[in-house]
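# Descriptive structure summary
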Amino acid sequence: MAVRGFSFRGPNSSSGMGVAEDCRPTFLELQGKRAHRYIIFKIDEKKREIVVEKTGEPTEDYEHFIAALPENDCRYAIFDFDFMSADNVPKSKIFFIAWSPSTARVRPRMLYATSKETFKRVLDGFHYEIQATDPAEMDLEVLRERAH
């Protein structure tokens, strides 16, 4: 299966990492059906592809999402952020978060950095992107500021 010329299983030219077939459908479940609050993706070096590691139930909150991210390893994540607009209307914005903590090893940081653009094109449909090396860079207040 391909999206705009990208092979899901095949490696991309810059990092050699492919994208597992369930990544886009899982994202579409969050985007269209709101079946998940968040999705965490990881690079599986043995399979040489990006895979879905975990999904959060729609009832889970931001604290659950942050707790699900590893403290010392990189991940990609999608978070569906609900908020009230200035005119008191419920809204939702989807964030792509590239979590690359400064405490992570160099190899994973390089793999995630070189695979990010291709992976973002496969997902295609989020509103905002956050690159975080420290938890403060993806604090809930940061999402609120970006969403408004």
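Cut-offs used in this document
- Residues numbered from 1 in each chain as written.
- Predicted model: local features only at pLDDT ≥ 70, side-chain atom pairs only at ≥ 80, totals over all residues.
- Heavy atoms only, no water.
- Axes fitted to C-alpha atoms, helices over the stretch in contact; angles between N-to-C directions.
- Helix = DSSP H or I, 4+ residues; strand = E, 2+ residues; numbered from the N terminus.
- Parallel < 35°, antiparallel > 145°, perpendicular 65-115°, else oblique.
- Left-handed = near helix turned anticlockwise from the far one by under 90°.
- Contact = heavy atoms within 4.5 Å.
- Pairing = 2+ DSSP bridges.
- Right-handed = clockwise from strand over helix to strand, strands pointing away.
- Phe/Tyr/Trp six-rings, centres within 6.5 Å; stacked < 30°, edge-to-face > 60°.
- Buried < 20%, exposed > 50% of the residue type's maximum accessible area, 1.4 Å probe, protein only.
- pLDDT = per-residue confidence, 0-100.

Helix 3 (residues 106-123) packs onto helix 1 (residues 23-33) with a crossing angle of 55° between their chain directions and a minimal axis gap of 9 Å. Relative to helix 3, the element helix 1 is oriented oblique. Handedness of the helix 1/helix 3 crossing: right-handed. Residues Cys23, Arg24 and Phe27 of helix 1 lie in contact with helix 3, whose contacting residues are Phe119, Val122 and Leu123.

Here we take up the pairing of strand 7 (residues 90-99). Relative to strand 7, strand 6 (residues 75-84) is paired through 10 bridges, and the arrangement is antiparallel. Residue pairing in the sheet places Ala77 in a bridge with Ile97 of strand 7. As consecutive antiparallel partners, strand 6 and strand 7 are separated by 5 residues, and within that stretch Asn88 has a phi angle of approximately 65°, a positive value. For strand 7 and strand 8 (residues 128-132), the ladder comprises 5 bridges, and the chain directions are parallel. Directly across from Phe95, in strand 8, lies its bridge partner Tyr128. Between the parallel pair strand 7 and strand 8, the chain is carried across by helix 3, and the sense of this crossover is right-handed.

Inspection of every chain in the model, using the stated rule, returns 13 aromatic pairs. When the centroid spacing of 5.2 Å and the interplanar angle of 25° are considered together, the rings of Phe96 and Phe126 count as stacked. Placement of the pair is Phe96 in strand 7 and Phe126 in the loop between helix 3 and strand 8, with a sequence separation of 30 residues. By relative accessible area, which is 0% here, Phe96 ends up buried.

Bringing the confidence of the model for the protein into the picture now. Averaged over every residue, the pLDDT of the protein is 90; the share at 70 or more is 89%. Note on residues 1-8: pLDDT is under 50 here. Beyond four places in sequence and across chains, it has 18 contacts.

Non-glycine residue Arg48 carries a positive phi angle of around 60°. Since its relative accessible area comes to 41%, Arg48 is described here as partly exposed.

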